[in-house]
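Descriptive analysis of the structure
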Amino acid sequence: MLVVLVALLAVTLKAIKATWLYILLTVLSVVWVMPILWVVLISFREEPGSYTTTFWPQGFTVANYVKLFTDRSIRDFPRWFGNTFIVAIFSCILSTFYVLSVSYVMSRMRFKMRKPFMNVALILGMFPGFMSMIAIYYILKAIGFTEGALKLVALVLVYSGGSGLGFYVAKGFFDTIPKTIDEAAAIDGATKWNIFTKITLPLSKPILVYTIMTAFIAPWVDFIFAKVICGAENKYYTVAIGLWSMLEKEYIYNYYTRFCAGAVCISIPIAILFLCTQKYYAEGLSGAVKG
């Protein structure tokens, strides 16, 4: 009888624990979703201004989205979107190449300064990148990359230049691929480049997708470096700077709802990209951790 009571008590406690866990997860989900829902609602709100007395809009309209793309006299969102897309694409291509190349070298090759380089890269990765922004700005200014359209080129260089130091995740994934495959290909006469491009990369689709996503998202959402390099020239803004400028004192009343519409618009491509590649994204992280 005592054993039965103990078993019932254990089952009850387990059920209570699971119930509280579900309640906690539900509360956290609501807390996470509410800001997103709030931004979406404001993007369709008919009343202007940043402050209203009610959470739910009194009227709904799509004019905020229409004006965001058609009213380009003061705040040119389509141009900012194009600037950001161009910078993100080129930065993504270069960063992906750098990261995968360095990761492959660190995973497969052995050379004299390999371990010291990995330790230095690990230490440097602990410091935020914006600590170097003043030095980077003056270097770019000295070579003339802070004038005109070259500002966009400067952004590509900044975002992709130091990306190779973030090789640890991809290296961890490459470590899980047996080296015997490389050795067999080398015996058949394949070069290191052939092994990397025709054998390793096709077997590393998850980490390739993960690297592409992170390399694309970083310039898409960055504000600090873009603001320092682009300065006050409106036509070279990225979407992060452009949306921030809509919240300035003289524009916030008329542009606040458009700001929210812009925030929704720039989140859609990232959300679609993540949903389409979620499977590979998860596999890339799990493979890297396992390695």
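Our subject is the structure that appears above.
This report concerns the structure included in the present document.

Procedures and definitions
- Think of each chain on its own: its residues are numbered from 1, step by step along the sequence as written.
- A pLDDT threshold of at least 70 governs which residues receive local features in this predicted model, and a stricter bar of 80 or more applies before side-chain atom pairs are shown or counted, although totals over entire chains, interfaces and linings include all residues.
- The side-chain quantities take in all heavy atoms of the structure and omit both hydrogens and water.
- For Phe, Tyr and Trp, rings pair up if their centres lie within 6.5 Å, where Trp contributes its six-membered ring, and each pair is then called stacked (planes under 30 degrees apart), edge-to-face (over 60) or tilted (otherwise).
- Think of it in three bands: residues with accessible area under 20% of the maximum for their type are buried, residues over 50% are exposed, and the middle band is partly exposed, with areas taken using a 1.4 Å probe on protein chains only.
- Should the NZ of a Lys or the CZ of an Arg lie within 6 Å of a ring centre and within 35 degrees of the ring normal, that charge is described as sitting over the ring.
- Lines fitted to C-alpha atoms define the axes, with helix axes restricted to the stretch in contact, and inter-axis angles between N-to-C directions lie between 0 and 180 degrees.
- By definition, any uninterrupted DSSP run of H or I lasting at least four residues is a helix, any uninterrupted run of E lasting at least two residues is a strand, and each is numbered from the N terminus.
- Any angle from 65 to 115 degrees is called roughly perpendicular, while one under 35 is roughly parallel, one over 145 is roughly antiparallel, and all others are oblique.
- Handedness of a crossing follows from how the near helix is turned relative to the far one, being left-handed for an anticlockwise turn of less than a right angle and right-handed for a clockwise one.
- Contacts: residue pairs with any heavy atoms within 4.5 Å of one another.
- As a working rule, the residues Ala, Val, Leu, Ile, Met, Phe, Trp, Tyr, Cys and Pro are called nonpolar, Asp, Glu, Lys and Arg charged, and the rest polar, with Gly in that last group.
- To obtain the arc, one takes the directions from the helix axis to the C-beta atoms.

1. Focus: the packing of aromatic side chains
Considering all chains together, one arrives at 18 aromatic pairs under this definition. Ring centres of F69 and F77 lie 5.4 Å apart, and the angle between their planes is 90 degrees; on these two criteria the pair is classed as edge-to-face. With 4.6 Å between their ring centres and 20 degrees between their planes, F167 and Y168 make a pair best called stacked. Looking at F167, the relative accessible area reads 0%, which means it is buried. Taking the relative accessible area as the measure of exposure, Y168 reaches 31% and is therefore partly exposed. The ring centre of Y251 lies 4.2 Å from the NZ or CZ of R75, which sits over that ring.

2. Comments concerning the packing of helix α3 (residues 77-108) against helix α9 (residues 192-200)
Axis separation between α3 and α9 bottoms out at 12 Å; the angle between their running directions is 115 degrees. As summarised for this structure, α3 and α9 are arranged roughly perpendicular, according to the angle between their axes. Here α3 and α9 pass one another in a crossing that is right-handed. Touching F97, L100, S101 and Y104 of α3 are K192, W193, I195, F196 and T200, all from α9.

3. Some points on the packing of helix α8 (residues 179-187) against α9
Two numbers describe how α8 lies on α9: the axes approach to 10 Å, and their chain directions differ by 125 degrees. Our classification of the angle between α8 and α9 gives oblique. In this structure, α8 crosses over α9, and the sense of that crossing is right-handed. Residues I181, D182, A185 and A186 of α8 lie in contact with α9, whose contacting residues are I195, I199 and T200. Split by residue class, the contact of α8 with α9 holds 5 nonpolar, 1 polar and 1 charged.

4. A closer look at helix α4 (residues 114-124)
For an α-helix the count is 3.6 residues per turn, leaving residues at separations of three or four pointing the same way. Regarding α4, the residues found buried are R114, M118 and A121. One side of α4 carries all its buried residues, which in axial view fall inside an arc of 65 degrees. Those residues of α4 that are buried lie in contact with α3 and α7 (168-174).

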